[in-house]
Amino acid sequence: MLLIEAEQICRFFIAGKSSIPALSPISLKVYSGEFLVVTGPSGAGKSTLLNLLSCLDRPSSGEVRFQGQSFSNMTEQKIALLRNSSFGFIFQTPHLLMDKTVLENVALPFHYGLPVSRAVVQERCRVLLEYVGLAEMESRYPNTLSGGEMQRVVFARALCREPDVIFADEPTGSLDTENSRKILTLLKDQTTQARAVIMVTHDQEPVDFATRILQLDKITTDTSLV
Ligand SMILES: Nc1ncnc2c1ncn2[C@@H]1O[C@H](COP(=O)(O)OP(=O)(O)OP(=O)(O)O)[C@@H](O)[C@H]1O
Ligand SMILES: [Mg+2]
């Protein structure tokens with residue numbers, strides 16, 4: 001099933017009289033069950049692309065559609081709902097709320113969007129913590145966890161609304177080989193459940209998990225506006 005379709009999207013940033021190109025025009029289709037790995041040198045536009053595909057950012061031209069509907073035709077409310085319930089996010093540094101327990105952090109996406117009963121939320125979060133191997137840590141606070149454990153909490157949180165697409169920007173960037181492999185295996189496992197994973201990485205290892213690899217090249221030219 002076609003989930004995301006990007007048509008000739010590009011992104012540039014205006015700085016004074018210069019236009020800084022961040023992403024050259026690109027078209028792309030992402031289907032459920034795919035593990036798309038985006039690679040390329042620093043500054044090639046990998047994060048920019050991920051942000052455009054997940055509607056965290058808007059393209060300078062071109063359009064992105066999710067399940068056939070263009071982001072540009074959606075209200076902010078609809079986009080917020082999409083990000084909350086259809087998309088899951090994992091970034092390089094795990095962002096957790098330090099004054100909330102592990103279980104409460106996983107449950108955060110349930111504070112927004114369609115209401116779900118407390119019992120269902122707890123049950124779902126516990127199943128996910130079990131899945132990521134952290135069942136015994138639900139009452140701990142993030143500052144007592146290792147980086148790899150924190151990243152698995154983020155992963156559980158990204159899954160709790162049962163997203164169609166998981167966006168991961170260098171999720172293993174700060175992890176050792178063992179923890180990195182755990183995350184990659186969990187991500188790969190998601191694609192067997194008809195989800196799509198779009199992952200940005202510098203490393204070689206994730207490439208072995210990919211069903212498709214997109215290599216972006218560095219953009220060298222700055223375009224003057226005058
Ligand atoms: N808000 C911004 N304003 C100006 N330039 C930006 C902005 N965001 C990104 N850029 C530029 O766009 C280019 C692409 O950035 P991007 O973050 O997508 O690269 P990347 O491939 O993810 O790099 P890395 O591997 O280092 O994370 C870079 O040259 C960057 O400096
Ligand atoms: Mg980046």
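Above: the structure in question.
Quick look at the structure, then. Residue numbers restart at each chain and count upward from 1, following the sequence in its written direction. Just so you know, chain letters begin at A and ligand numbers begin at 1, following the order they were written in. Selection of residues for local features in this predicted model requires a pLDDT of at least 70, selection of side-chain atom pairs for listing and counting requires 80 or more, and totals for whole chains, interfaces and linings are taken over all residues. Side-chain measures here rest on the full set of heavy atoms in the structure, leaving out hydrogens and waters.

## So, the overall build of the chain
Then, number 1: Scanning the chain from terminus to terminus reveals seven helices and 10 strands.
Then, number 2: Only C-alpha atoms enter the radius of gyration, while the globule expectation follows 2.2 Å times N to the 0.38, with N the number of residues. A compact globule built from 226 residues should have a C-alpha radius of gyration of about 17 Å, and the chain, at 18 Å, falls within 12% of that.
Then, number 3: With respect to the principal axes defined by its C-alpha atoms, the chain has extents near 60 × 40 × 35 Å.
Then, number 4: The buried share of the chain, taken over its 226 residues, is 50%.
Then, number 5: Note on contacts: a residue pair is in contact if any heavy atoms of the two residues lie within 4.5 Å. Counted over contacts in the chain with a minimum sequence separation of 6, partners at least 24 positions apart contribute 75%.
Then, number 6: Put simply, the chain shows about 11000 Å² of open surface, and 52% of that area lies on carbon and sulfur atoms. Helix and strand definitions follow DSSP, with helices as H or I runs of at least four residues and strands as E runs of at least two, each counted in order from the N terminus. Categorising residues by exposure relies on relative accessible area from a 1.4 Å probe, with only protein chains included: less than 20% of the type maximum marks a residue as buried, more than 50% marks it as exposed, and the intermediate range marks it as partly exposed. For every accessible area listed, the method is Shrake-Rupley and the probe measures 1.4 Å; residues are considered covered only by the protein chains on display.

## Considering the packing of helix α5 (residues 147–159) against helix α6 (residues 177–191)
For any two helices packed against each other, one specifies the crossing angle of their axes together with the interaxial distance.
Then, number 1: An axis is simply a line fitted to the C-alpha atoms; with a helix, the fit covers only the stretch in contact. Between two such axes, the angle follows the N-to-C directions and lies from 0 to 180 degrees. The interhelical angle for the contact between α5 and α6, taken along N-to-C directions, is 10°, at an axis separation of 10 Å. Relative to α6, the element α5 lies roughly parallel. Crossing hand, α5 versus α6: right-handed. Residue-level contacts link Gly148, Gln151, Arg152, Phe155 and Leu159 of α5 to Asn179, Lys182, Ile183, Leu186, Leu187 and Gln190 of α6.
Then, number 2: Here the nonpolar group is Ala, Val, Leu, Ile, Met, Phe, Trp, Tyr, Cys and Pro; Asp, Glu, Lys and Arg are the charged ones; every other residue, Gly included, is treated as polar. Tallied by class, the residues present in the contact of α5 with α6 amount to five nonpolar, four polar and two charged. Should an angle lie under 35 degrees it is considered roughly parallel, over 145 roughly antiparallel, and from 65 to 115 roughly perpendicular; all remaining angles are considered oblique. Take the far helix as the reference: if the near one is turned anticlockwise from it by less than a right angle, the crossing is left-handed, and if turned clockwise, right-handed.

## Points about the site of ligand 1
Then, number 1: For each residue, the test is whether any non-hydrogen atom lies within 4 Å of the molecule or strand; if one does, the residue is near. Surveying the vicinity of ligand 1 reveals the residues Phe13, Ala22, Pro41, Ser42, Gly43, Ala44, Gly45, Lys46, Ser47, Thr48, Glu170 and His202.
Then, number 2: In protein, a polar contact means a hydrogen-donor-capable atom and an acceptor-capable atom, both N or O and within 3.5 Å, with residues adjacent in sequence counting only if both atoms are side-chain atoms; elsewhere, any N or O pair within 3.5 Å suffices. A distance of 2.7 Å is found between an oxygen atom of ligand 1 and a side-chain nitrogen or oxygen belonging to Lys46.
Then, number 3: Between ligand 1 and the protein, one listed contact pairs an oxygen atom with a side-chain N or O atom of His202 at 2.9 Å.
Then, number 4: Taking 640 Å² as the accessible area of ligand 1 by itself, protein coverage stands at 62%.
Then, number 5: The element best represented in the shell around ligand 1 is helix α1 (residues 46–53), accounting for three residues.
Then, number 6: In terms of residue class, the shell around ligand 1 is built from four nonpolar, six polar and two charged.

## Side note on the packing of aromatic side chains
Aromatic rings in a pair are described by how distant their centres are and how their planes are angled relative to each other.
Then, number 1: Only the six-membered ring of Trp is used, alongside the rings of Phe and Tyr, when aromatic pairs are assigned; centres must lie within 6.5 Å, and planes under 30 degrees apart are stacked while those over 60 apart are edge-to-face, with the rest tilted. On inspection of all chains with the given rule, the structure shows six aromatic pairs.
Then, number 2: Between Phe66 and Phe87 the ring centres are 5.1 Å apart and the planes differ by 85°, which places this aromatic pair in the edge-to-face class. Placement of the pair is Phe66 in strand β4 (residues 61–66) and Phe87 in strand β6 (residues 87–90), with a sequence separation of 21 residues. For the pair shown, Phe66 and Phe87 are each scored as buried.
Then, number 3: Taken together, a centroid distance of 5.1 Å and an interplanar angle of 80° make the contact between Phe87 and Phe167 edge-to-face.

## A short note on the layout of surface pockets
Then, number 1: Roughly 450 Å³ of internal volume is contained in the largest pocket.
Then, number 2: Surrounding the largest pocket, 20 residues form its lining, Arg83, Asn84, Phe89, Pro109 and Arg157 being those nearest its centre.
Then, number 3: Those elements that place two or more of their residues in the lining of the largest pocket are α2 (76–85), β6 and α5.
Then, number 4: For the lining of the largest pocket, the element with the most residues is β6, which contributes four residues.
Then, number 5: Here the lining of the largest pocket is built from residues that sort into 13 nonpolar, four polar and three charged.
Then, number 6: Only protein atoms enter the 1 Å grid used here, on which a cavity is any set of points holding a 1.4 Å probe that cannot leave and a pocket is any open set flanked by protein within 12 Å on both sides along at least five of seven lines; residues with an atom within 4 Å of a point are listed as lining. Grid points are joined across faces, edges and corners, and a volume is the space filled by probe spheres set on the points. A volume near 270 Å³ is recorded for the second largest pocket.
Then, number 7: Lining the second largest pocket, in full, are Lys100, Leu103, Glu104, Ala107, Phe110, His111, Val116, Arg118, Val121 and Gln122.
Then, number 8: Sorting the residues of the lining of the second largest pocket by element identifies α3 (102–106) and α4 (118–131) as the ones contributing at least two each.
Then, number 9: With three residues, α4 is the single largest residue contributor to the lining of the second largest pocket.
Then, number 10: The residue makeup of the lining of the second largest pocket, split by class, is five nonpolar, two polar and three charged.

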